[in-house]
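Structural description and commentary
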Amino acid sequence: MQKIVLPNIDLRELEEQKRENSEERMEFIKKYAEWIKKKSNREWSSQQAKIID
Amino acid sequence: MDCEKFCKLWDEVVKKFECVITENKKDAYNEYLLNNHSIRFSEMGKYVPNMEVKFPKTDLDLWSLNNSIKVVLNNHLLFLSKIELQIPFKLFLGSEKDFEDAKFLYELFKDKLDNSLMEQFNERLKTTKLFNRICKK
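Structural notes on the overall build of chain B
Scanning chain B from terminus to terminus reveals seven helices and five strands. Along chain B, from the amino end to the carboxyl end, the secondary structure elements read α-β-α-β-β-α-β-β-α-α-α-α. Taken along the three principal axes of its C-alpha coordinates, chain B extends 45 × 30 × 25 Å. For chain B, the residues scored as buried account for 35% of the 137 residues in total. For chain B, contacts bridging at least 24 residues in sequence account for 43% of all contacts bridging at least 6.

As structure tokens, this is what we get:
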């Protein structure tokens, strides 16, 4: 079996990445909310329903 | 990935999907991806679900790509990061949803996991206690 060499893990770097990802996600949610406001309830809710179901 | 290669990828992807972050491929490359921000593609006219795309940044990102696993889904080949990394990493992320995901993955794959590898990731990400509390209970 091939020995797996593990990567270097810098926890401070990963914490920073986590913070950036969280900010990015918030930006995405704002854009999504803007998109929802422009669409009919039927259109956006049917897309949501497909994911939930 | 250089800009030329990315533009070719973009041209292929936008035949079936659209980028919900920007319509401009040069902006996607220069303003987002090169600045370590992600872009997202969804089916035409839809916002969700979408696929997040970004360049690897950390050693862990590169390791995930170089040690991916192959999954065949509906006759399509997908590459996923190792479950032994996904579980500790979700615990590291730390939201309630991440904990639920970690527990779900563990329950689903516990008989097939390389426990030694997962243990090492838990040690490095300092998630051993969380793993025992959330996944093992």
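That shown, we press on.
Describing the pattern of salt bridges
Scanning the model with the defined rule gives 12 salt bridges over all chains in all. Of the charged contacts, one joins B:Lys46 and B:Glu43 as a salt bridge, the two residues approaching to 3.4 Å between their closest N and O atoms. For B:Lys90, the salt bridge goes to B:Asp101, with nearest N and O atoms at 3.4 Å. Here B:Asp101 lies in helix H5 (residues 96-109) and B:Lys90 lies in helix H4 (residues 83-93), a separation of 11 residues in the sequence. Connected through salt bridges with shared partners, the residues A:Glu16, A:Arg19 and A:Glu23 form a single ionic network.

A word on unusual backbone geometry
All names here are of chain B. The step from Val48 to Pro49 runs through a cis peptide bond, and the omega angle for that step is -5 degrees. For Pro49, the position within the fold is in the loop between strand E2 (39-43) and strand E3 (50-53). One non-glycine residue, Asn74, adopts positive backbone phi at about 50 degrees. In this structure, Asn74 sits in the loop between strand E4 (69-73) and strand E5 (76-80). Even without glycine at this site, Asn75 takes up a positive phi of about 70 degrees. Of the residues examined, Asn75 reaches a relative accessible area of 76% and is grouped as exposed.

Things to note about a nonpolar patch on the surface
On the surface, a nonpolar cluster with roughly 330 Å² of combined accessible area is contributed by B:Val72, B:Leu77 and B:Phe79. The exposure class of B:Val72 is exposed, given its relative accessible area of 61%.

Side note on the interface of chain B and chain A
How big an interface is tends to be stated in terms of accessible area lost as the parts join. The interface of chain B with chain A comprises 32 residues on the first partner and 26 residues on the second. Taken together, the two surfaces of chain B and chain A that pack against each other cover about 2700 Å², and 60% of this comes from carbon and sulfur. Looking only at chain B, the three residues that lose the most surface to chain A are B:Tyr47, B:Phe92 and B:Arg124, adding up to 25% of its buried area. Applying the counting rule to chain B against chain A returns one salt bridge. Those elements giving two or more residues to the side of chain B that touches chain A turn out to be E3, helix H3 (59-66), H4 and helix H6 (115-124) of chain B.

Regarding the sheet that holds strand E1 (residues 17-19) of chain B
Residue and element names in this part refer to chain B. Reading across the sheet, the three strands line up as E1-E2-E3 and stay open at both edges, with antiparallel pairing between neighbours. Each having just a single partner strand, E1 and E3 make up the two edges of the open sheet. Taking the axes of each pair of neighbouring strands and ignoring which way they run, one obtains an average angle of 30 degrees across the sheet. The pairing of E1 with E2 spans three bridges and is classified as antiparallel. Looking across to E2, one finds that Cys19 is bridged to Phe41.

Rules and cut-offs
- Residues numbered from 1 in each chain as written.
- Chains lettered and ligands numbered in written order.
- Predicted model: local features only at pLDDT ≥ 70, side-chain atom pairs only at ≥ 80, totals over all residues.
- Heavy atoms only, no water.
- Helix = DSSP H or I, 4+ residues; strand = E, 2+ residues; numbered from the N terminus.
- Buried < 20%, exposed > 50% of the residue type's maximum accessible area, 1.4 Å probe, protein only.
- Contact = heavy atoms within 4.5 Å.
- Salt bridge = Lys/Arg side-chain N within 4 Å of Asp/Glu carboxyl O.
- Patch = residues over 30% accessible without salt bridge, like charges linked within 9 Å, V, L, I, M, F, W, Y side chains within 5 Å.
- Areas by Shrake-Rupley, 256 points an atom, 1.4 Å probe, with all protein chains shown as cover.
- Buried area = accessible area lost by both parts, 1.4 Å probe.
- Pairing = 2+ DSSP bridges.
- Axes fitted to C-alpha atoms, helices over the stretch in contact; angles between N-to-C directions.

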